[in-house]
Protein chains: 2
Amino acid sequence: MFRTHTCGELRMTDINKEITLAGWVQTVRKFGSITFVDLRDRYGITQLLFSEKLNALLDANPLGREFVLQVTGTVNERSNKNPQIPTGDIEILVHTFTILNKSATPPFTIQDDTDGGDDIRMKYRFLDLRRSAVRKNLELRYAVGRSARNYLHENNFMDIETPFLIKSTPEGARDFVVPSRMNEGQFYALPQSPQTFKQLLMVSGYDRYYQIVKCFRDEDLRADRQPEFTQIDCEMAFVEQEDILNMFEGLAKRIFKDVKNIDYTEKVERMSWENAMWTYGNDKPDTRFDMKLCNLKKPGSVFTDKSDHAALISGVDFKVFDEAETVLAIAVPGCSEYSRKQTDELTEWVKRPQIGMKGLVFIKCNADGTYKSSVDKFYPEEKLKAIAATANATAGDLILILAGAEERTRKAISDLRMYMADKLGLRKPGEFKLLWVLDFPLFEYAEEDNRWVARHHPFTSPKPDHIPVMIDNDPQISNAAEYLSHPYSGIKANAYDMVLNGNEIGGGSIRIHQRDLQEKMFAALGMDEAEQQHKFGFLLGAFEYGAPPHGGIAFGFDRFCAILGGSESIRDFIAFPKNNSGRDVMIDAPSAIDDKQLVELNIRLAGS
Amino acid sequence: MFRTHTCGELRMTDINKEITLAGWVQTVRKFGSITFVDLRDRYGITQLLFSEKLNALLDANPLGREFVLQVTGTVNERSNKNPQIPTGDIEILVHTFTILNKSATPPFTIQDDTDGGDDIRMKYRFLDLRRSAVRKNLELRYAVGRSARNYLHENNFMDIETPFLIKSTPEGARDFVVPSRMNEGQFYALPQSPQTFKQLLMVSGYDRYYQIVKCFRDEDLRADRQPEFTQIDCEMAFVEQEDILNMFEGLAKRIFKDVKNIDYTEKVERMSWENAMWTYGNDKPDTRFDMKLCNLKKPGSVFTDKSDHAALISGVDFKVFDEAETVLAIAVPGCSEYSRKQTDELTEWVKRPQIGMKGLVFIKCNADGTYKSSVDKFYPEEKLKAIAATANATAGDLILILAGAEERTRKAISDLRMYMADKLGLRKPGEFKLLWVLDFPLFEYAEEDNRWVARHHPFTSPKPDHIPVMIDNDPQISNAAEYLSHPYSGIKANAYDMVLNGNEIGGGSIRIHQRDLQEKMFAALGMDEAEQQHKFGFLLGAFEYGAPPHGGIAFGFDRFCAILGGSESIRDFIAFPKNNSGRDVMIDAPSAIDDKQLVELNIRLAGS
């Protein structure tokens, strides 16, 4: 061993011990005839003191930043203690030292606040990983994984590995494929998730399965997507939705305790998908703060049953509202005194292409009980007052109203709500709020193909009392314009998402375990019998041999870690991430391969 | 929850409890007006008693093998107890039952001794996995993984995920590659191991890394190889070989304790590669039994320094020995009375093409002190006696002698040693013997290219005192016939294999951490500077920024589990294995993919 202790370990109780440390040179500071060196490793930083006696040797062997250094010396009490670090009370009086390896000058500083930009840090990721900010992220990631494994183990779950070289069955996302050398013209696919395999394990009687496992999706990458990502993947047999919610609420709470020392004891709130959409315009609302939506004119194609407040805003010939499919409002607390400049800025914000609204209407609920709005010429004060009351606004609030096409307006008000909350500091970094969103629609309507697509995935079961609706009706949509009146559009799924601070961190469902229902599902998605058999024959076959009721969930491990670590970017929590073009710029992959490899694999490049 | 208890849980202490079970129907036995059903789940089997009252209902809803059944009833004491199973004292008097799912008749019986052949069981792997023999294997696998994780965690190792979509750098085995849609004409490769990434992590300061991780090799599959396999992959910084041996000897012992409850307290034996080859003809000897080799005429190209006993066998004009490169013997204990038929069978065995010897010479060391051999006309009794003494044979032993070309004969005697040990029951199933094999040659000579190849891999360090030999000499082999006299042929590696009962279960090395040495290694393997830079530029670059001394090991997780489970086949310990053509016959992969996918990936099939 090159060391007796780590650089984070020595304390006052070690005074006078003869020890050996090894690590990286963080800083070298010369004071007259003596030299101080901060030596760093994964565990901390220890101050080294090179006395005058070592000067000649140091001159002959100068130390530089990031040199790998081994020193032997005595633990001394520091005269000038540093209360900022755990080893701050001591220093090492160096007797001998060995430079184990030199270092070129790093292209950026190895510090929390580095001077390196994103590109250079990714190219030299092996240096970036030395920064304690990044190291803490990976340590947190390890702690989350460890905590999850312990909890699942204690609850009788078994880690079972599923294969990576499987069959391409593209549903939704694109598969990465792998040409088979031994089976000419054939390809494996990398799993988008172990979904069908974990279901087979349930059929096989392994009633509690988990895996922390890499998954692959060949999608066009958005800012915070990775082509390979990690799931905490779980499945249980002989359970109902309630059992799964309780089990995995427990998992999340255990992780909070183990990793953040947070006692998350309250029951996790549950909300139907419909209520989430109605109240927050979003199926993954951040519930750390209120600012709920007021549906002045409801999105009619989603909420056929709910009643809105259209009467409040109609009849004054304000065309913007009258012609809009939807009018939605939020009451922003304490912002009634926003200046013209501030409201103009908000208007500009909602007009950005990412939001895409034509404008913003506001009502100031003044502290003195009066109302002032940007639409005063249409709405007299008592109308404004009525709207404010409906929007649950109180004196001092600023009501923001958006109007336009259903989907866009709903998304815009939801984004605006988050934007205002960020502005007002309502999304508190240390606060964590979980939420179950339930009762998702089983299907979505795909306009281009005039057919149904599975909202979650094709293995999700309808709610038990909706099974007959599915079995007894023809999935065919005869009149595209009236898809909303098709019985399938009302079918709700036994599906659930776990939301943390406005981010979906997990999702799952009770699965179909009956062959006839699974076939009906595939048919509803436009798969004929031959295609069903080709793609999922093994699963349909398995359902014939005693498939138990089962369900599961998968957590986005990268994202869960990022949110726990207080970041919105999953890349900071992955040791070797890829950039937005799916490239690893450090190793320079992907890259061209040898012609010999192509020949062996029986493929050619398209251009060749 | 569909149950209050599992099928392995109920005992006499639960008598009179009202409980609910769910599971699979193992057997249905009708005795007059009552029916017994064995209900099975992952945890065990519980006997159900359907009384006369339920007859009509059972007739209307007949139960079959593998039906999924839920029952509610009372725990009763059995009149006819079954001491074979933990629940054998009780049975459930069924009040109500629900068939949760039916089952077709399985194509083979779900029993330890199934009537299903290999092919049918692989096609219906989801049913095969229900057999308790297979379930126990996967449970053992989970226990091994859990034990390894706990040990490594307690020793400050961190699980850090490395990427699966990396760069193709074929060295030795072929890569599986993945066409990149977003980077036209370029490919990712799936990792053969996380080798370079774990070394980068050492450079990054994560001084103790582990991962239980899938690796991929596109090799022609031998009986017990899988294209995807799992490693327990570990790396440590600031260590010497001794530290690694101790740490991972500890890991193996911990697994023995946790998984098999074996206190493996003795120090693991260590043996140089040369001694293993000299003593066992094999670098992964089974040391549970002796039967060591007698090198009558040594394999001269391996053991240039050792002295053999050629004088004992020469000078009698026995051409078979005189013309052989190598003559090797083993003394098989207690077999001197083998009949002519038995020795003939052994001769046939060594003449099989897999062994490839021309014949077998034997000497019977009779109990009465006399000697009898198959070469009596060449060797008088006192010569036989002298050979027997050299071979450490005692009265009652049968000496078996093989002669021929070096490599083949060495392999043959080693195989024969194992064959005889199996015959004599010397390879005891419950006995486990670990062995470290050390000091491997760094290089092997590749005749076809007249150059060196890395015996372990190109990142393995020579022994410290062999580093100058490597640096100071030109790797070029000027005279192919005399490669043995090239200085490189004598360089030993800081590499080690862990052997268990004659199987290599782990291997590793101290790594090169100096750029100049790594470049010399690549050059020795025939890589010019441009190729080095293209393939491993990131690693060479990393070595310039303060790379610490480091080393590691990787265990073959599948094989380790198989041996612990008493099997030679890794397939039995993988939930969803592939067959010898790399096919998953259950899901029918690999398979053809859509033309649309090919177009998107910018590739074509070779024949198209």
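Above: the structure in question.
Reference entry: report on the structure contained in this document. Not measured: the values here are computed from a predicted model. (Residues numbered from 1 in each chain as written. Chains lettered and ligands numbered in written order. Predicted model: local features only at pLDDT ≥ 70, side-chain atom pairs only at ≥ 80, totals over all residues. Heavy atoms only, no water.)

## With respect to the overall build of chain A
For the record, the criterion: What counts as a helix is a DSSP run of H or I of at least four residues, what counts as a strand is a run of E of at least two, and both are numbered from the N terminus. We call a residue buried when its accessible area falls under 20% of the maximum for its residue type, exposed when it is over 50%, and partly exposed in between, using a 1.4 Å probe and counting protein chains only. Contacts are assigned to residue pairs with any non-hydrogen atoms lying within 4.5 Å of each other. In short, Shrake-Rupley with a 1.4 Å probe defines the accessible areas, and a residue's cover is counted only from the protein chains shown.
Of the regular secondary structure elements, chain A holds 17 helices and 23 strands. The principal-axis extent of the C-alpha atoms belonging to chain A is close to 90 × 75 × 55 Å. Taken across its 608 residues, chain A has 60% of its residues classed as buried. Across chain A, contacts joining residues at least 24 apart in sequence account for 68% of those joining residues at least 6 apart. Summing over all exposed atoms, chain A offers an accessible surface of approximately 24300 Å²; the carbon and sulfur share of this is 47%.

## Some thoughts on unusual backbone geometry
All names here are of chain A. In this structure, the amide linkage connecting A589 to the following residue, P590, adopts the cis form with an omega of 0°. Along the chain, the position of P590 falls in the loop between α16 (557–564) and α17 (595–600). Even without being glycine, D317 reaches a positive phi, approximately 60°. If you trace the backbone, D317 turns up in the loop between α8 (310–313) and α9 (319–323). Residue classification places D317 among the exposed positions, given a relative accessible area of 52%.

## Regarding the relation of the copies chain B and chain A
For clarity, the threshold we go by: Alignment of copies: least-squares fit on C-alpha atoms of residues with pLDDT of at least 70 in both copies.
Relative to chain A, chain B is turned by 180° and slid 0.0 Å along the rotation axis, the superposed coordinates differing by an RMSD of 0.1 Å. Between the two chains, the operation in question is that of a two-fold axis. Interface overlap between copies is the fraction of interface residues in one copy that are interface residues in the other; for chain B against chain A it reaches 100%, indicating a shared surface.

## Comments concerning the sheet that holds strand β12 (residues 294–297) of chain A
Residue and element names in this part refer to chain A. Quick note on the threshold: Pairing between strands is defined by DSSP: at least two bridges between them are needed. Note on geometry: axes are lines fitted to C-alpha atoms, helical ones only across the stretch in contact, with angles between N-to-C directions running from 0 to 180 degrees.
Overall, antiparallel pairing links the 5 strands, which are arranged β12-β13-β16-β14-β15 in an open sheet. Each having just a single partner strand, β12 and β15 (371–373) make up the two edges of the open sheet. Taken over all neighbouring pairs, the strand axes of this sheet differ in orientation by 20° on average, direction set aside. Relative to strand β13 (residues 326–332), β12 runs antiparallel, the two sharing 3 bridges. Among the inter-strand pairings, N295 is bridged to a residue of β13, identified as L328. The strands touched by helix α11 (residues 381–390) are β12, β14 (361–365), β15 and β16 (398–404); relative to β15, the strand with the most contacts, the crossing angle is about 95°.

## Concerning the interface of chain B and chain A
Formally: Two parts placed together each lose some accessible area; with a 1.4 Å probe, that loss summed over both constitutes the buried area. A pair is scored as a salt bridge if a Lys or Arg side-chain nitrogen falls within 4 Å of a carboxyl oxygen belonging to Asp or Glu. Think of a polar contact as two N or O atoms within 3.5 Å of one another; within protein, one of them needs to be a possible hydrogen donor and the other a possible acceptor, and neighboring residues in sequence only count if both atoms come from side chains.
Facing the 124 residues of chain B at the interface are 125 residues of chain A. Summing the contributions of chain B and of chain A, the shared interface buries around 11300 Å²; its carbon and sulfur component is 58%. On the chain B side of the interface with chain A, the three residues burying the most area are B:Y142, B:F238 and B:Y545, jointly 8% of the side's total. Remark: the boundary between chain B and chain A carries 12 salt bridges. Ionic pairing is found between B:R42 and A:D207, a salt bridge with its closest N-O pair at 2.9 Å. Inspection of the region where chain B meets chain A yields 73 residue pairs in polar contact (both at pLDDT 80 or more).

## Considering the packing of helix α4 (residues 132–154) of chain B against helix α16 (residues 557–564) of chain B
Residues and elements named next belong to chain B. This is how it is decided: Each angle is binned into one of four classes, with values under 35 degrees roughly parallel, values over 145 roughly antiparallel, values of 65 to 115 roughly perpendicular, and all other values oblique. Note on convention: near helix rotated counterclockwise from far helix by under a right angle means a left-handed crossing. Clockwise means right-handed. All residues other than Ala, Val, Leu, Ile, Met, Phe, Trp, Tyr, Cys, Pro, Asp, Glu, Lys and Arg, Gly among them, are scored as polar; the first ten of these are nonpolar and the last four charged.
Close contact between α4 and α16 brings their axes to 10 Å; oriented N to C, the two are set at 120°. Between α4 and α16, the interaxial angle falls into the category oblique. Once α4 is placed against α16, the crossing between them reads as right-handed. Across the interface between the two elements, L140, R141, V144 and G145 of α4 pack against F557, D558, C561 and L564 of α16. Per-class residue counts for the contact of α4 with α16 are 5 nonpolar, 1 polar and 2 charged.

## Quick word on the environment of B:V28
Of note, B:V28 is situated in strand β1 (residues 18–31). Separated by 36 residues in the primary sequence, B:V28 and B:G64 have C-alpha atoms spaced 7.3 Å apart.

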